[in-house]
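Descriptive structure summary
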Amino acid sequence: MSIQVLSAEVINQIAAGEVVERPAHLVKELIENSIDAGATELVIETAHGGRFVRVADNGVGIYRDELPKALERHATSKIQVSNDLWNLNTFGFRGEALASIAAVSKFSLQSVQRTEKKASQIQAQFGKVSAVLPSSRSSGTEIKIEDLFENVPARLKFMKSESAESQQIKQIVKAAALAHPQIEFKLIQDGTLQYFFKSAGSLQERAQIVLEKTSLYFTAASRGNFSVEIAFSSPHEVVKTSKQIWIFAQNRFVQDRALQAAVLDAYRSLLMHGEYPLVVVKLKCDPSEIDVNIHPTKSQVKYQDSASAFRCVHGALRAALEQAPWITKPTTTESVSSTYMEGVTAAVANYSRNLSFQDHSLGMTHFKQKDFSMKPAEVVRTKTGGYWADVQILGQANLTYIICQKGDRLIYVDQHAAHERVAFESLMESWNKKKFEVQDYLFPFVIDLSADKVEALLTIQESILELGIKIERLGPISLGITSAPSLIKDSALPPLFEKMAADIIDHGGSYAIEKKVGDIFATMACHSVVRAGQSLSHAQMHELLISMDRFALSSFCPHGRPVSVDTTFMELEKLFGRIN
Ligand code: ADP
Ligand code: MG
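So, here is what we can say about the structure in this document. If you're wondering where the values come from, they're calculated on a predicted model, not measured in any experiment.

Cut-off values and rules
Residues numbered from 1 in each chain as written. Chains lettered and ligands numbered in written order. Predicted model: local features only at pLDDT ≥ 70, side-chain atom pairs only at ≥ 80, totals over all residues. Heavy atoms only, no water. Salt bridge = Lys/Arg side-chain N within 4 Å of Asp/Glu carboxyl O. Helix = DSSP H or I, 4+ residues; strand = E, 2+ residues; numbered from the N terminus. Buried < 20%, exposed > 50% of the residue type's maximum accessible area, 1.4 Å probe, protein only. Pairing = 2+ DSSP bridges. Axes fitted to C-alpha atoms, helices over the stretch in contact; angles between N-to-C directions. Contact = heavy atoms within 4.5 Å. Expected span 1.5 Å × (residues − 1). Patch = residues over 30% accessible without salt bridge, like charges linked within 9 Å, V, L, I, M, F, W, Y side chains within 5 Å. Areas by Shrake-Rupley, 256 points an atom, 1.4 Å probe, with all protein chains shown as cover.

Let us look at the pattern of salt bridges. The final tally for this structure, using the stated rule, is 19 salt bridges. The partner of E429 in a salt bridge is R550, and the shortest N-O contact between them spans 3.0 Å. Of this pair, E429 sits in helix α11 (residues 415–433) while R550 sits in the loop between α16 (538–548) and β23 (564–568), and the two are 121 residues apart along the sequence. According to the relative accessible area criterion, E429 is partly exposed, its value standing at 28%. With its nearest N and O atoms 3.1 Å apart, the salt bridge here joins D503 to K516. Remark: K516 occurs in helix α15 (residues 513–528) and D503 occurs in helix α14 (residues 493–506); sequence separation between them is 13 residues.

Turning our attention to the sheet that holds strand β14 (residues 279–285). The strand order β10-β11-β14-β12-β13 describes an open sheet built from five strands, whose pairing is mixed. Each edge of the sheet is formed by a strand with only one pairing partner; in this case those strands are β10 (217–223) and β13 (252–254). Taken over all neighbouring pairs, the strand axes of this sheet differ in orientation by 20 degrees on average, direction set aside. Here strand β11 (residues 226–232) runs beside β14; their pairing, made up of seven bridges, is antiparallel. By the bridge assignment for β14, F232 is matched with V279. Contacts from helix α7 (residues 203–210) reach β10, β11 and β14 within the one sheet, and its direction differs from that of β11 by about 40 degrees.

What follows concerns the sheet that holds strand β19 (residues 409–414). Read across the open sheet, the four strands follow the order β17-β18-β19-β23; overall the sheet is antiparallel. Where the open sheet ends on each side, the last strands, each with one partner, are β17 (392–397) and β23. Put simply, the sheet's adjacent strands are angled 20 degrees from each other on average, direction ignored. One ladder, built from five bridges, connects β17 with strand β18 (residues 401–406); its direction is antiparallel. Within β18, the residue paired with G395 across the bridge is I403. Across the sheet, α11 is in contact with β17, β18 and β19; its angle to β19 comes to roughly 70 degrees.

Along the chain, H416 falls in helix α11. Along the chain, H416 and G533 lie 117 residues apart, while their C-alpha atoms are 9.3 Å from each other. Residue contacts for H416: discarding those within four places in its chain leaves C526, V529, V530, R531, A532 and R561.

If you check helix α9 (residues 306–322), its first and last C-alpha atoms are 24 Å apart, about what 17 residues at 1.5 Å a residue would give, namely 24 Å. The complete set of buried residues in α9 reads S308, A309, C312, V313, H314, A316, L317, R318, A320 and L321. Buried residues along α9 sit in contact with β10, β11, α8 (257–266), β14 and β16 (302–303). A324 lies just past α9 and shows a positive phi near 45 degrees.

We now examine a nonpolar patch on the surface. Together, L6, V10, I11 and I14 make up an exposed nonpolar region whose accessible area comes to about 320 Å². In this structure, I11 sits in helix α1 (residues 8–19).

Not every positive phi belongs to a glycine, and F126 is a case in point at roughly 45 degrees. Of the residues examined, F126 reaches a relative accessible area of 17% and is grouped as buried. Here the phi dihedral of E212 falls at roughly 55 degrees; this positive angle occurs in a residue that is not glycine. Relative to the helices and strands, E212 resides in the loop between α7 and β10.

As structure tokens, then:
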């Protein structure tokens, strides 16, 4: 066969494969065109999994004379010279979408240029473009696509099921709505109104509607060349997949594993295994810092300084989570029967006081009972105004829960989870300050392990010392511990060392302790604190609660379980039929 230049028709069909691989991509291209045209209202209608699509907007429109050009390949109003590629403020720039779509569908476009005020239309049947004619549209642009891929049977064959495609289109519309809170979106699928997102005043407001969560929190920050806005859920509101983590780079919805990792790491120790938060991250930087042209559907981007992007997102979200904004600040409005409850609790409190607990210096180390030389424990001082400082303790239930009240609510605290969290945070704090309060043992505390484990642990003796733990060889199968942080119980040491040794062996001897501290301290904390089933005095309960004020994130245990749950008296009153 002789070599021939392909006809424009074939070229367009090939390109269509790249730009509009599937109907959802096509919908995305059309939405982006409307947004680039300054539209504030969009109606998107699809049927049969996207083989029919109609997108109508109220944007600036296209001049009658330019309609044929809009359908030409590499025809765009958005960039002129290649340098513009680095300073993009629009979604489109390749000038390929309309040409590609028109090559593989029955295509029609109607538009009214805002100043020209002449409604016109142009059509194309699988690449054959018709003449421009007048039309009746009153403003903006409407593009209609029917029988998509009818002339490309191969592509039709590979199309996903209609429902999978409709689902994907919904995602595209949600992403666009999150990227542009102020724009109104309406999505109609197979004749049913799916979404109607009215113009919203803020990202937080829009995110709450789109993600169907009434309580999302918001933070914004900037760092170096980056600025970020984040709407996020409390660790109580979680889902089973990472799909509700939405990342936007310059308002483009992107797949960015690094930034997704930044989000998850910010929630570190607040979520249980398999739990994911709902988060919308909108990261912006100077257009020259980012390359959006690395992927055909522009779903990936590249930052010049990706480490700073990571730090900006991680830092902002972690700081916001540490504020624990989901902790309800009690309202001052008195509920109907609060006087009654006050009477009850005053009586209970009085009763507790009469038992006269004097031990106010009781710190966590007091839960440790053993004969050893002990360096003086730092007394945990109550910070006035902390959330937990002035909750009223009503008692201990089932030797597991501390029951308290504050303001208009009843609070149940899981004593083990609470203590575990505090111990964990104290250890983390000591680690960050590189200063552990340690206690020396009069006689080494002996741990028996297999010989290879003893060897493995001795290879990282120095690193272990950084944890405040001093170890020495006592024999081929035993280690002696001569000092350890005063916060931890001896019984935490054998499971900890078993785990560490197994880790070192698994990793062929290489072991970076810095990467493991979270795990290590979680294990230490878990084995060092009060258990469920342990009776606590009123003073111990009080001491435990106020120690939670020292750490912002104390509302979750290091494994991500909540430390406390609460209910309002209002809810109680409903149960009792006092109010409806
Ligand atoms: P690109 O978006 O990369 O420029 P397209 O093929 O998507 O390429 O669109 C070609 C041109 O048609 C755009 O540059 C724009 O000028 C015009 N256009 C497309 N859709 C619209 C719309 N909804 N409103 C106004 N102009 C539009
Ligand atoms: Mg475009």
